[in-house]
Amino acid sequence: MKKNFFIIALLMGLTFSACTKKSPELSEQEKTQIENQILGEWEKICFGIENSDSEVYASFIDPDFIQMASNGSVFYSKEEYINKVRNWFSTRANTEIQQEKIIVTALTENIAFLDQESDFLVTYKEGNVQRVHHAVSLVFEKEASGWMIIHGHESFIEIQ
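Residues numbered from 1 in each chain as written. Predicted model: local features only at pLDDT ≥ 70, side-chain atom pairs only at ≥ 80, totals over all residues. Heavy atoms only, no water.

How should the overall build of the protein be read in this particular structure?
Assigned secondary structure in the protein consists of 4 helices and 6 strands. Taken across its 160 residues, the protein has 33% of its residues classed as buried. The contacts of the protein with a sequence gap of at least 6 include a subset with a gap of at least 24, amounting to 55%. Element-wise, carbon and sulfur atoms account for 55% of the exposed surface of the protein, whose accessible area totals about 10100 Å². (Helix = DSSP H or I, 4+ residues; strand = E, 2+ residues; numbered from the N terminus. Buried < 20%, exposed > 50% of the residue type's maximum accessible area, 1.4 Å probe, protein only. Contact = heavy atoms within 4.5 Å. Areas by Shrake-Rupley, 256 points an atom, 1.4 Å probe, with all protein chains shown as cover.)

Printed below as a string of structure tokens:
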């Protein structure tokens, strides 16, 4: 009985020690490279946002998207979220992104955060203009096709 207990305890110890293995630390050069890759993708995403092109924006959302929280609403699937984006963009002529502050944080070679704070000048098709302060935090995962958004949170308030 003691022998079986010892073997079980040894196996459990080995199993749990394997679970605590950390990812290797990224070098500054690797972090910079990932940050530049994310910023390159973000520039393309912003082009879609500025031109109210929901399909460009959707092309950067991972098919295995986890969720997006947007100003109090939570979208649990890519389809649900992109349908809402299509609805938002359908009323816009364009969006000018102003006063951007962007921070990219590479966590591992395959996971990175992007945080942006900016003002949007939204021009609607009927001619109305709205100024909005917008903040977004996104989690990107590196896929075979490139960096894709897997999770996010955004909030916005109208600026008078």
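What is the right way to look at helix H2 (residues 28-50) in this model?
Residues spaced three or four apart along an α-helix face the same direction, because each turn holds 3.6 residues. With 23 residues, H2 should reach 33 Å at 1.5 Å per residue; the first-to-last C-alpha distance of 32 Å fits that figure. Turning to H2, its buried residues number three or more, namely Ile34, Ile38, Glu41, Trp42, Ile45, Cys46, Gly48 and Ile49. Tucked into the core, H2 has its buried residues touching helix H3 (54-58), helix H4 (78-90), strand E3 (92-106), strand E4 (111-124), strand E5 (129-143) and strand E6 (146-158). Ser52, located one to two residues past H2, shows a positive phi value of around 50°. (Expected span 1.5 Å × (residues − 1).)

Before we go on, may I ask you to explain the side chain of Ser118 in this structure?
In this fold, Ser118 is placed in strand E4. Within the structure, the side chain of Ser118 is placed 3.0 Å from the side chain of Gln116, a separation counted as a polar contact. Setting aside anything within four residues of it in sequence, one finds Ser118 in contact with Ile97, Gln98, Gln99, Glu100, Val132, His133 and His134. (Polar contact = N/O pair within 3.5 Å; in protein donor to acceptor, adjacent residues only side chain to side chain.)

How do you make sense of the pairing of strand E1 (residues 67-70) when you look at a structure like this?
Working note: regular strand, side chains alternate between the two faces of the sheet. For E1 and E6, the ladder comprises 4 bridges, and the chain directions are parallel. Following the sheet pairing, Ala69 is matched in E6 by His153. Examined bridge by bridge, E1 and strand E2 (residues 73-75) share 3 bridges and lie antiparallel to one another. Across the sheet, residue Met68 finds its bridge partner in E2, namely Phe75. Between E1 and E2, which pair antiparallel one after the other, the connecting turn spans 2 residues, and Asn71 there sits at a positive phi close to 50°. (Pairing = 2+ DSSP bridges.)

What is the right way to look at the packing of aromatic side chains in this model?
The description of an aromatic ring pair rests on the distance of the ring centres and on the angle between the ring planes. One pass over the full model with this rule turns up 5 aromatic pairs. Pairing Tyr57 with Phe89 gives two aromatic rings, centres 6.4 Å apart and planes at 55°, and the pair type is tilted. Placement of Tyr57 in helix H3 and of Phe89 in helix H4 is noted, with a sequence separation of 32 residues between them. Take Tyr57 and Phe89: they sit in the same class, and that class is buried. (Phe/Tyr/Trp six-rings, centres within 6.5 Å; stacked < 30°, edge-to-face > 60°.)

I tried to follow H4 on my own but got confused; where do I start?
Over its 13 residues, H4 extends 18 Å from the first C-alpha to the last, a length consistent with the 18 Å expected when each residue adds 1.5 Å. For H4, the set of buried residues is Tyr81, Ile82, Val85 and Phe89. For H4, the buried positions fall inside an angular range of 95° around the axis, keeping them on one side. Buried-residue contacts for H4 involve H2, H3, E1, E2, E3 and E6. (Arc of directions from axis to C-beta.)

Which parts of the structure should I look at to understand the pattern of salt bridges?
In a structure, side chains of opposite charge can pair up when their charged atoms sit close to one another. Scanning the entire structure with this criterion turns up 4 salt bridges. For the salt bridge of Lys44 with Glu41, the shortest nitrogen-to-oxygen distance reads 3.1 Å. In this pair, Lys44 and Glu41 are both assigned in helix H2, 3 residues apart and thus about one turn of the helix distant. Here Lys44 falls in the partly exposed class, since its relative accessible area comes to 45%. Among the salt bridges present, the one from Asp119 reaches Arg131, with a minimum N-O distance of 3.3 Å. Highlighted residues: Asp119 in strand E4 and Arg131 in strand E5, separated in sequence by 12 residues. Residue classification places Asp119 among the buried positions, given a relative accessible area of 6%. Assessed through its relative accessible area of 29%, Arg131 is described here as partly exposed. (Salt bridge = Lys/Arg side-chain N within 4 Å of Asp/Glu carboxyl O.)

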